[in-house]
Amino acid sequence: MAEAVRIGPEAAGGKNLEVLSPTIGRQLLERGLLDEIDLHIVPVLLGDGIRLYDNPGGTPVRLGLLNGDDHAAAVNVRCRPVR
């Protein structure tokens, strides 16, 4: 991962460098190497796979909204199971 962190920004040529792996994303977040997190909420509960940014026993990471007025507000999504 250290090699990717070293060459990634140069390879992106000044553009955004996106990480699409939950495990690598979590490691970068823990090391303070992420500038932003773009979350997309889809109303589906997956039963298998790797949990995004799962870190049992880890320190909570507070996020501030970049596209809203109240950066401390909670984002609430209410869903109903589709039968």
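Above: the structure in question.
Not measured: the values here are computed from a predicted model.

The rules behind the values
Residues numbered from 1 in each chain as written. Predicted model: local features only at pLDDT ≥ 70, side-chain atom pairs only at ≥ 80, totals over all residues. Heavy atoms only, no water. Helix = DSSP H or I, 4+ residues; strand = E, 2+ residues; numbered from the N terminus. Rg over C-alpha atoms; globule rule 2.2 N^0.38 Å. Buried < 20%, exposed > 50% of the residue type's maximum accessible area, 1.4 Å probe, protein only. Contact = heavy atoms within 4.5 Å. Areas by Shrake-Rupley, 256 points an atom, 1.4 Å probe, with all protein chains shown as cover. Arc of directions from axis to C-beta.

Trainee: Got a minute to help me understand the overall build of the chain in this structure?
Mentor: In terms of regular secondary structure, the chain is built from two helices and zero strands. Compactness check: the chain gives a C-alpha radius of gyration of 16 Å against a globular reference of 12 Å for 83 residues, more than 25% above the reference. Once the C-alpha set of the chain is aligned to its principal axes, its extents read approximately 45 × 35 × 25 Å. Sorting the 83 residues of the chain into buried and exposed places 6% on the buried side. A fraction of 56% describes how many contacts in the chain between residues 6 or more apart in sequence connect residues 24 or more apart. Summed over all atoms, the accessible surface of the chain reaches about 8,100 Å², with 52% contributed by carbon and sulfur.

Trainee: What exactly am I supposed to notice about helix H2 (residues 22-30) here?
Mentor: Of all the residues in H2, the buried ones are Gly25, Arg26 and Leu28. An end-on view of H2 places all buried positions within 165° of arc, on one side of the element. Buried residues belonging to H2 abut helix H1 (2-12).

The analysis is restricted to geometry; functional conclusions fall outside its scope.
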